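These are the residues of each chain, in order.
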Amino acid sequence: VIPSTKEPRRPRASSFSGVQGLPSPDALITFPVAGHRQGKDLILATVPFASELPGRSWLAVSSTLVLLVLAWVGALMLPNLGMKLLAGVLLGLLALRMFVIYHDHQHHSILPNSPLAGALMTVFGVWALSPPSIWRSSHNHHHNHNSQLLGSHIGSFPIMTADGYRKSSRYARVRYLAMRHPLTLLFGYVSIFLMGMCLGPFVRQPRRHSDCLISFLVHVAMGVGLHAYGGWTAVLCVQTLPSFLLYGVGSYLFYAQHNFPDVKFRSRGGWTYELAALESSSFLRMSAWMNWFTANIGYHHVHHLNSKIPFYRLPEAMRGIPELQNPRTTTFHPRDILACLRLKVWDTTAEVMTGCPRS
């Protein structure tokens with residue numbers, strides 16, 4: 001049971017002032033936002049921040065990879081189990097940071113023209129159960145259809161209206177709730193990544209997603225090799241623990257960035273790109289060290305307004321654009337986590353996410 005990663009029939013390519021992944025000026029509709037700029041002017045205000053600093057990009061990539069390898073070696077070779085487990089936790093957090101950096105590279109916001117960076121990121125994507133073919137097709141669709149009641153489930157968690165839920169069959173309800181269940185997020189390692197990002201896409205389109213099968217087989221082979229070298233302790237500390245941490249936290253991050261108490265969903269007729277960014281993408285407030293480990297992915301409203309802004313410039317963009325400084329916010333506080341996890345369906349009358357409606 002997984003959030004859908006099935007590709008749309010025809011992913012829509014769009015551009016805005018030469019910035020890939022943003023809508024054309026004619027597609028933008030103005031709407032009230034906090035601040036002075038609206039619509040096209042607000043999008044244009046983000047463009048100065050959508051230029052990378054190649055030296056800083058390479059520093060982030062190289063330093064994170066070096067630390068990742070050191071943590072991997074430590075989880076495998078440190079002298080006692082406690083130290084190995086701590087190294088495994090660090091490995092999972094560093095893999096999370098590298099995953100977001102990989103995500104930025106897939107958006108072409110960092111090192112888009114570097115063959116070396118492309119090779120490194122492809123290898124990482126295969127290692128991290130997120131091969132480039134499925135990432136490009138599903139995640140790009142997510143950005144172009146974020147918060148739409150129809151079509152936003154591709155590359156994201158599905159959304160049902162309360163009325164649609166009441167009219168659905170029992171099987172459809174169970175399947176829908178299972179996709180959004182906290183255990184699905186907690187075990188995202190299996191449900192979302194091994195199944196949803198690897199095996200599922202390959203079964204549907206084996207030629208297009210051959211890298212998904214390669215990713216799965218590499219992961220299995222690594223587990224077999226670790227067991228042969230160091231037994232179940234090596235598998236636990238180097239693969240299982242880091243993977244549960246990486247994919248569990250990563251799955252929740254993606255969920256909470258678009259499923260929070262004051263999120264807004266709209267029909268296609270009332271949908272705009274910038275409205276989806278500001279009202280349907282959260283700012284996940286967290287500590288400085290967690291911002292580092294998550295590569296600023298918590299600035300998600302800024303990222304959705306312009307996905308070409310490098311992760312290390314997202315805070316700068318938020319500081320520099322007044323309209324982005326009053327975002328829809330959530331946190332890692334248990335109260336906020338529970339508030340997000342309780343959300344199940346969209347009430348079209350009250351225009352809020354609620355729990356499961358009564359039949």
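From a predicted model like this one, the values you see are computed outputs, not experimental measurements.

**Here we look at the pattern of salt bridges**
Taken as a whole and assessed by the stated rule, the structure comprises four salt bridges. The closest approach of N and O atoms between Glu316 and Arg313, which form a salt bridge, is 3.0 Å. Taken together, the salt bridges that share partners define one network made up of Arg266, Glu279 and Arg328.

**Topic: the sheet that holds strand 3 (residues 160–161)**
The sheet built from three strands is open, its strands ordered 3-6-7 with mixed pairing. Where the open sheet ends on each side, the last strands, each with one partner, are strand 3 and strand 7 (352–354). Judged from the three bridges that link them, strand 6 (residues 345–347) and strand 7 form a sheet pairing that is antiparallel. Its bridge partner being in strand 7, Val345 is matched across the sheet by Thr354.

**A word on helix 2 (residues 54–77)**
Helix length check: helix 2 (24 residues) gives 34 Å between terminal C-alpha atoms against 34 Å at 1.5 Å per residue, within 8%. Three or more residues of helix 2 are buried, namely Ser57, Ala60, Val61, Thr64, Leu68, Ala71, Gly74, Ala75 and Leu76. Among the structural elements, helix 3 (81–106), helix 4 (115–127) and helix 10 (210–256) are those in contact with the buried residues of helix 2.

**A short note on the environment of Leu81**
Take Leu81: it is sitting in helix 3. Sequence spacing of Leu81 and Cys237 is 156 residues, and the spatial spacing of their C-alpha atoms is 8.4 Å. Residue contacts for Leu81: discarding those within four places in its chain leaves Thr233 and Cys237.

**Observations concerning helix 4**
The end-to-end C-alpha distance of helix 4 is 18 Å, a good match for the 18 Å that 13 residues give at a rise of 1.5 Å each. All buried positions along helix 4 are accounted for by Ala117, Met121, Phe124, Gly125 and Val126. Tucked inside the fold, the buried residues of helix 4 contact helix 2, helix 3 and helix 10.

**Re the packing of aromatic side chains**
In the structure shown here, the tally under the stated rule is 18 aromatic pairs. Seen from their ring centres, Phe99 and Tyr102 are 6.3 Å apart, and the 65 degrees between their planes marks the pair as edge-to-face. Of the two residues, Phe99 and Tyr102 are both situated in helix 3; the distance of three residues between them amounts to about one turn of the helix. In this pair, the class of Phe99 matches that of Tyr102, namely buried. Ring centres of Phe283 and Tyr299 lie 5.0 Å apart, and the angle between their planes is 55 degrees; this geometry places the pair in the tilted category. Of the two residues, Phe283 is situated in strand 4 (residues 283–285) and Tyr299 in the loop between helix 12 (288–293) and helix 13 (300–305); the sequence distance between them amounts to 16 residues. Using a relative accessible area of 13% as the deciding quantity, one classes Tyr299 as buried.

Conventions we followed
- Residues numbered from 1 in each chain as written.
- Predicted model: local features only at pLDDT ≥ 70, side-chain atom pairs only at ≥ 80, totals over all residues.
- Heavy atoms only, no water.
- Salt bridge = Lys/Arg side-chain N within 4 Å of Asp/Glu carboxyl O.
- Pairing = 2+ DSSP bridges.
- Helix = DSSP H or I, 4+ residues; strand = E, 2+ residues; numbered from the N terminus.
- Expected span 1.5 Å × (residues − 1).
- Buried < 20%, exposed > 50% of the residue type's maximum accessible area, 1.4 Å probe, protein only.
- Contact = heavy atoms within 4.5 Å.
- Phe/Tyr/Trp six-rings, centres within 6.5 Å; stacked < 30°, edge-to-face > 60°.

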